[in-house]
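Residue-level structural notes
In case you want the letters, here they are:
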Amino acid sequence: MTHSVAAADPAKMLAAPPAHRFRRPDTRLVLGLGWIVLLLLGALLAPVVAPHDPLASDIGASLQGPSGTYWLGTDNLGRDVFSRLLHGAGSAIGGVLVAIAVGLALGLTIGVVAGYVGGWFDTLTSRIADLILALPGILLLLLVLAVLGRDLTYAMIAYGFLVSAAFFRLARAGAAEVRHELFVDAATVAGVSPAWTLVRHVLPNMIRPIVVQASLTASTALLLQAGLSFLGLGAPPPAPQWGAMVQEASQYLYQSPWLMVPTGGVIVLTALAFNLVGDALTDERARPVAVRDRETVRPEPAVPEGSVLAATDLRVSFGDLTVVDGVTLAAHPGRTLALVGESGCGKTLTALALAGLLPPDAHVDGSVVLDGRELAGASEKELESVRGNGIAYISQEPIASLDPSYSIGSQLREPLKLHGSTAPRTEAVELLRRVGIADAEGVARSFPHQLSGGMAQRVAIAIALTGRPRVLIADEPTTALDVTVQAEILDLLREIQAQDGTAVVLVTHDWGVVADVADEVAVMYAGQVVEHGTVAEVIAAPRHPYTRDLLAALPEPGQGRAPLPTIPGSVPPPAEWVPTCRYANRCTDATEECLLHPVVLADRVRCLHPVAQKEESWQLSSR
Amino acid sequence: MAALLEVTDLSVRFKRTLGVDGVSLDVAAGETVGLVGESGSGKSTIGRAVLGLVPPSEGSIRFAGQEIGHASRRTRRALAHELQVVFQDPHSSLDPRMTVGATVREGLPPDRRTDEHVAALLQSVGLPADARHRYPHQFSGGQRQRIAIARAIGPDPKLVVCDEPISALDLSTQAAILNLFAELQDRTGVALLFVAHDLVAVEHLSDRIVVLYRGRVMEAGPAAEICAGPLHPYTQALWAAAPVVDPEEQRRRRTARAAAGVVSASAAPPTAQSSNGCPFAPRCPVAEPVCHTVRPAEEQVGHRRVACHLLAADRRAA
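Thresholds, definitions, all that
- Residues numbered from 1 in each chain as written.
- Chains lettered and ligands numbered in written order.
- Predicted model: local features only at pLDDT ≥ 70, side-chain atom pairs only at ≥ 80, totals over all residues.
- Heavy atoms only, no water.
- Helix = DSSP H or I, 4+ residues; strand = E, 2+ residues; numbered from the N terminus.
- Rg over C-alpha atoms; globule rule 2.2 N^0.38 Å.
- Buried < 20%, exposed > 50% of the residue type's maximum accessible area, 1.4 Å probe, protein only.
- Contact = heavy atoms within 4.5 Å.
- Areas by Shrake-Rupley, 256 points an atom, 1.4 Å probe, with all protein chains shown as cover.
- Lys, Arg positive; Asp, Glu negative; His and termini not counted.
- Charge placed at Lys NZ, Arg CZ, Asp CG, Glu CD.
- Pairing = 2+ DSSP bridges.
- Axes fitted to C-alpha atoms, helices over the stretch in contact; angles between N-to-C directions.
- 1 Å grid on protein atoms, 1.4 Å probe; cavity = no way out; pocket = protein on both sides within 12 Å on 5 of 7 lines; lining within 4 Å.
- Points joined across faces, edges and corners; volume = space filled by probe spheres on them.
- Nonpolar A, V, L, I, M, F, W, Y, C, P; charged D, E, K, R; others polar.
- Buried area = accessible area lost by both parts, 1.4 Å probe.
- Salt bridge = Lys/Arg side-chain N within 4 Å of Asp/Glu carboxyl O.

In terms of regular secondary structure, chain A is built from 22 helices and 10 strands. Relative to the 2.2 N^0.38 estimate, which gives 25 Å for 623 residues, the radius of gyration of chain A is 34 Å and therefore markedly larger than a compact globule would have. When the 623 residues of chain A are sorted by exposure, 51% land in the buried category. Taking the contacts inside chain A whose residues are at least 6 apart along the sequence as the reference set, 70% of them involve residues at least 24 apart. A total of about 28200 Å² of accessible surface is found on chain A, and carbon and sulfur atoms cover 62% of it. Between the centroid of the 44 positive side chains of chain A and the centroid of its 60 negative side chains there is a distance of 2 Å.

So, about the sheet that holds strand 7 (residues 471–475) of chain A. For sheets, the rule is that strands pair by backbone hydrogen bonds, running either parallel or antiparallel. All names here are of chain A. The strand order across the open sheet built from 6 strands is 6-7-8-3-9-10, with neighbouring strands paired in mixed fashion. Two strands close off the open sheet at either side, each with one partner strand: strand 6 (391–394) and strand 10 (528–534). For this sheet, the mean angle separating the axes of adjacent strands, direction not counted, is 15 degrees. The pairing of strand 3 (residues 336–340) with strand 8 (residues 503–508) spans 5 bridges and is classified as parallel. Note on strand 8: the bridge partner recorded for Thr336 is Val504. Running at roughly 100 degrees to strand 9 (residues 520–525), helix 22 (residues 545–552) makes contact with strand 9 and strand 10 of the sheet.

With that settled, consider empty space enclosed by the protein. Residues and elements named next belong to chain A. Inspection of every chain in the model, using the stated rule, returns 11 cavities of 30 Å³ or more. One number sums up the size of the second largest cavity: a volume of about 80 Å³. If you go around the second largest cavity, the residues you meet are Gly88, Ser91, Ala92, Leu152, Leu222, Gln225, Ala226, Ser229, Gln241, Trp242, Gly243 and Ile267. When contributions to the lining of the second largest cavity are tallied by element, the ones reaching two or more residues are helix 4 (81–117), helix 10 (207–230) and helix 11 (242–251). Counting residues per element, the lining of the second largest cavity draws most heavily on helix 10, at 4 residues. Partitioned by chemical class, the residues of the lining of the second largest cavity number 6 nonpolar, 6 polar and no charged.

Let's shift gears to the sheet that holds strand 4 (residues 58–63) of chain B. Residues and elements named next belong to chain B. Across the sheet, which stays open at both edges, the 4 strands sit in the order 2-1-4-5 with antiparallel pairing between neighbours. This sheet does not close on itself; its edge strands, each paired only once, are strand 2 (17–27) and strand 5 (66–67). Strand direction decides the pairing type here: strand 4 and strand 5, joined by 2 bridges, are antiparallel. Bridged to Arg62 within strand 5 is Glu67. Lying over the sheet, helix 1 (residues 43–51) contacts strand 1 (5–14), strand 2 and strand 4, oriented at roughly 110 degrees with respect to strand 1.

So, about the side chain of Arg257(B). Within the secondary structure, Arg257(B) sits in helix 10 (residues 247–260). Judged by relative accessible area, Arg257(B) falls into the buried class, the value being 16%. Excluding residues that lie within four positions of it along the chain, Arg257(B) makes contacts with Ala487(A), Asp491(A), Ala240(B) and Ala241(B).

A few words on the interface of chain B and chain A. Many analyses report the size of an interface as the accessible area lost when the parts associate. Taken together, the 63 residues of chain B in the interface contact 62 residues of chain A. Across the chain B to chain A interface the summed buried area is about 5200 Å²; carbon plus sulfur atoms make up 57%. When residues of chain B are sorted by the area they lose upon contact with chain A, Leu171(B), His204(B) and Val245(B) head the list and together hold 14% of the total. Summed over the shared surface of chain B and chain A, the number is 3 salt bridges.

Following this line, the structure appears as structure tokens:
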């Protein structure tokens, strides 16, 4: 492959540099972890740091507020609250760690093995986990304490046993999910042993939910521990324990309300800290950061005559990211317009914008006119009146587009009623017959999961037809289907079009499908239409180098395994779209000029050096 | 010469259905065999059975003269360097948390796990040598598939099972990956079992083709010969349904397809798994009573094997 234009750099300069920014650590994480670390240090260094002996009482100074001597005041026996809190932190956090360690050790190991191995071991351990989750926890803990004596460590071990069921479920689900990832299969094929696969591939991929669960367990363990010692089930007095301190404070609530503040506060703050850490880890923060230059190209102005649907300078953006950039196109009654391009070129988003189905955070500019009515900027209510009888939409995933909990019949009757049908039941069956379903009554009674992909797509088309739409937008309607079924669905679309005069906008990446059903073609690249024309024109004599290269790269029947022409590089992501020609750095025909000025769509092609039509000597061979 | 891979009467049963039903095929050293079929044809299952990812219910799989259908984990591990795989989806086939270098290194024999070797491998599939320090998400789909190919060819395998290796890729990268397979094969002499539904891509790369329908072989033989003139009614229907990139020609083919009268997949009654007939009979435009009751044997027709009663009858008549 010849190297493309030497100077790809000016293009890079025009575009914003690829986003690679320092990610500021989550404030919640900093606060939460900060508090926990502080407590740990305090607990470890308590004998050194604590200003007083936690057990030394100063009866003369009982129930005092904070002062220079007693930073957080004193309790009923005149002991320093701050020192007692510091000394108590050790057993509080230690207990939490014991619970988590037991939970992890039991739940994680058994869970990972169960999820990975499956079979009877999985069934057995899952049932045991269910059983543990159903146990009344507090009763078990009280029982443990009654039998083994008043030591919260036992309670925390027992609690660890209880929460191990939650860890088990997480680990099992994670391992079972990762088990079916292809990279685990790949490792197996590569001869990696199961144990090593678990450590190397399975564990790292489920670490996040485990950490989150651990942080939540930590806060509940802390509260539980405090609760037990509040009930007097912890170590006997005068040992400093947080829960017992709260209990003491509650006895003197009226004489010295202050005492409750530091004792209760430290528990609340610590539990909060664990939760903050969990929250921060739960939110995967992945906001795309990208900036783009505004484009100043004039669109080709046109709402072509006779068109039923026309988009002019349509732009779709998410935040700062423009994903459809100045698309102008028109659909005519009884004809099919194909939007062709690779993934990431904005063809599906264009289709969704035409149908008014973009997610709420999308920003739409430009105009979409259906039968003289402007849809861009129309309210949801206005759009509702258009959807169905103005524009209908068929998606790539026919089964996913049907509601799994309603029968096919009822999913057809509902829109039929909306469109004013008086006999929805018979009409539903008629529609199913019309889309080529022989056993229409049977299918009407069945549910989506009972249908094959091709059958489901027929049903989806029937639903789309309930409002007799003027425009049918089909987004890769056959991509998920087998080739023989694809041919049938395309035949069906053609038939409906011939009968009803529907305008079809078909999104596809398959040039064979284009050749089969399209009348007109718009080729999209990086959010723009780079070429449009009749299907014969575009396929036989492509004018944009991208269209030419794309068509040339297709293997042809009977050609043998001669190397295929290829296109270097890949479609740039929206953040790297430049105002000048976006294909220039992959194009063999590009010159310096292509990197300097924006290129407009003129004479059906967006290129400064369109492929000369006379030079177009190669013809697509036929079988 | 003995075949490198020899699959004989392979059946794979899933709970109640037969995913693969008595399939035989072989791959010679350095050869590419394409497995073609629609969903439910069992083509991917055959690949997975060869790789030891699903256990065969019946039949044998011999690799380099050794039975591997029920090979122990130890045998499999010993085989790992000779038998490799490239999966369809380059996004899920690479561990997102491992660097590209670590992924490629993992499959290599211990004596070759050097940075130089990994770098050379990555360069041989058209990636920069420093790619090994990066993570899969930093690469495009086509580049990831190159990484997966580097991992597969790293230990110099004799056979690579390619399970729909280009169908998840963009059009402009499919050609590059097909070229890469061809180039690697010319250079290293690796054999490929190429599983795909894209007929043109399979024909492009394959020496021989095996056409499957509902777990059974319909037709098998030299790729060019089958593509130029499919004999089995199913192969004919499959070929006729694949659109060509030429509106005029496509119109002619459409008319011809309508005239052939293949029964629509949605109108055909589902075949009972236990039925002995030809699985394509309910949709076949030329089926006769015998097709619904007797399972057609695979008959040799020139260089091909075809499982069709009518062809067999024609040959007897001739």
